[in-house]
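Secondary and tertiary structure notes
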Amino acid sequence: MKLWLFGIYGIVGSTAIVGERAIRKGLSDTTGLVSELPEFEKLKDYAPLEFEFGGHDIRSLDKNLYQIVEEHWELNQHFDYRILLKLKEDLEKIRAKKGTALNCGEGVLEELKPLQTLEEEGLTLSQIVERLEKDLLEFADNETVAINVASTEPTLPYDEEVHGSLEGFERAIKENRKDKISASMLYAYVSLKNGIPFANFTPSVGSDIAALKELALKVGVPHAGNDGKTGETLVKTTLAPMFRYRNLRVLGWMGYNILGDLDGKVLAHEQNKRSKIVSKDKVVGKILGYFPYTITEINYFPPLQDNKTAFDFIHYQGFLGTKMKFYFIWDAIDAIVAAPLVLDIARFLMLAKKKGQKGVVKELAFFFKSPMETEEYNTHRQYEILKEWFQSLVS
Ligand SMILES: NC(=O)c1ccc[n+]([C@@H]2O[C@H](COP(=O)([O-])OP(=O)(O)OC[C@H]3O[C@@H](n4cnc5c(N)ncnc54)[C@H](O)[C@@H]3O)[C@@H](O)[C@H]2O)c1
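Residues numbered from 1 in each chain as written. Predicted model: local features only at pLDDT ≥ 70, side-chain atom pairs only at ≥ 80, totals over all residues. Heavy atoms only, no water.

**Structural notes on the pairing of strand E9 (residues 307-317)**
Along any regular strand the residues' side chains alternate between the sheet's two faces. One ladder, built from nine bridges, connects strand E7 (residues 249-259) with E9; its direction is antiparallel. Counted as the bridge partner of Met 254 is Phe 313 from E9. Bridging between E9 and strand E10 (residues 323-333) involves 11 bridges; their strand directions are antiparallel. Bridged to His 315 within E10 is Lys 325. The antiparallel pairing of E9 with E10 creates a hairpin that spans five residues between the two strands, and Leu 320 there sits at a positive phi of about 60°. (Pairing = 2+ DSSP bridges. Helix = DSSP H or I, 4+ residues; strand = E, 2+ residues; numbered from the N terminus.)

**Overview of the domain arrangement of the protein**
Its domain assignment divides the protein into domain 1 (2-228 + 336-394) and domain 2 (232-333). Computed from C-alpha atoms alone, the centre-to-centre distance between domain 1 and domain 2 is 25 Å. Of the residues lining the interface, 29 residues belong to domain 1; the matching set on domain 2 comes to 27 residues. Of the roughly 2,500 Å² buried where domain 1 meets domain 2, counting both sides, 56% is carbon and sulfur surface. Of all residues in domain 1, Glu 111, Lys 369 and Tyr 377 bury the most surface against domain 2, accounting for 23% of the area lost on that side. Across the contact surface, domain 1 and domain 2 share one salt bridge. (Domains from an automatic or database assignment. Contact = heavy atoms within 4.5 Å. Buried area = accessible area lost by both parts, 1.4 Å probe. Salt bridge = Lys/Arg side-chain N within 4 Å of Asp/Glu carboxyl O.)

**Quick word on the packing of aromatic side chains**
In this structure the tally under the stated criterion is 18 aromatic pairs. Ring geometry for Phe 348 versus Phe 390: centroids 6.2 Å apart, planes at 85°, classification edge-to-face. Residue Phe 348 is located in helix H15 (residues 334-354), and its partner Phe 390 is located in helix H16 (residues 379-394); the two are separated by 42 residues in the primary sequence. The class of Phe 348 is buried, set by a relative accessible area of 0%. A connected cluster of aromatic rings, assembled from ring pairs, spans Phe 40, Phe 348, Phe 366, Phe 367, Tyr 383, Trp 389 and Phe 390. Lying over the aromatic face of Tyr 66, Lys 88 brings its terminal NZ or CZ to 5.2 Å of the ring centre. It is Arg 249 that lies over the ring of Tyr 290; its NZ or CZ is 4.0 Å from the centre. (Phe/Tyr/Trp six-rings, centres within 6.5 Å; stacked < 30°, edge-to-face > 60°. Buried < 20%, exposed > 50% of the residue type's maximum accessible area, 1.4 Å probe, protein only. Lys NZ or Arg CZ within 6 Å of the ring centre and 35° of its normal.)

**Concerning the site of the ligand**
In the region of the ligand, 30 residues are neighbours, and Asp 57, Arg 59, Thr 100, Ala 150 and Tyr 187 sit closest. Note that an oxygen atom of the ligand is positioned 3.5 Å from one of the backbone N or O atoms of Ser 151. Tyr 187 is positioned with one of its side-chain polar atoms (N or O) 2.6 Å from a nitrogen atom of the ligand. With the chains in place, 99% of the 840 Å² that the ligand exposes on its own is no longer accessible. By residue class, the composition of the shell around the ligand is 14 nonpolar, nine polar and seven charged. (Near = heavy atom within 4 Å. Polar contact = N/O pair within 3.5 Å; in protein donor to acceptor, adjacent residues only side chain to side chain. Areas by Shrake-Rupley, 256 points an atom, 1.4 Å probe, with all protein chains shown as cover. Nonpolar A, V, L, I, M, F, W, Y, C, P; charged D, E, K, R; others polar.)

Next comes the structure, spelled out in structure tokens:
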């Protein structure tokens, strides 16, 4: 199958490609891929672990993917360099097309300079859509999925007239209302409009507005999001149910994250950070059924590069009103925990498409911090739901 990545030159997107190629060439095993667990074995009949890749980005377009991965590698050393050398020829063939940075916030505009974007060519919204569509359609076939792994955008204020219906959204494109539409919405729009399943791995809006949900149902295409659940939030949503099961009262939960690298730089900007914090903060209360005092912070810490560290402190109350404490530290290479999920999501979405599913696939909530159209945040339950859904489709 084929996978189009918006933000293909980022460390998550490029590591997903390296991983797939390394597995195919026998240079690595499938550890980290949920879709390769024995319970999902039949997935290979619908969506084998073999991809062709393409995508959009907004920087370094004069470089090929090999050069980009080398740059990420020099900073992060996130896998064995011998793997990269063996993939050189393959990766050199992959080049990003020029995307849009519409309403991506000052984090993107400042930190990713010099940018190469479609709007800098003076194109109108309709022309931007046409160009994105052209790139996508030149690449895509019937077995293509598109995933947004671009930098996190700030949240645009919701405007019912534009975001509330497909008609309003398309009118805004025609009227060139650039203030109302963001890059992630355009990426979701061109994918869904052309029957290509779309997933949003970021906290940006993506397909999470009524207009685009309507489009997905109209065209009959599945989509999923938002924001990959890969690190601290994965641990939080796995651990919070334990407090609930044992009727322990969580009084407060503090999560403090530090990370470097490009993602950290972009998230150092308040506007861009806000969407991420909202996404990480609400999960505990949703699982517990009440909202304890929470602090969720993310700070840029350049020396760490892509190595993200989260410090969590949980203050809770037990029998006889006694207060106790629990601490954990999550120390992971961000791209290594995120990249396999990109491949997993693509494969499950392809299955959904082949089985005629359309609209939001709630059963993929397991993969996301802010899953659409479900209130189920408990990782254990989400996993059971994923398995049941899969079984119902393949048996
Ligand atoms: N564990 C994780 O790493 C993790 C988990 C959940 C979500 N995410 C999200 O995934 C995204 C990618 O993370 P990353 O670490 O690869 O970041 P990154 O900064 O390495 O990569 C982002 C890439 O997107 C490109 N980009 C930015 N705006 C774009 C646009 N409008 N159109 C096309 N390309 C654009 C950038 O040039 C860059 O190549 C971020 O939004 C991040 O918050 C990451």
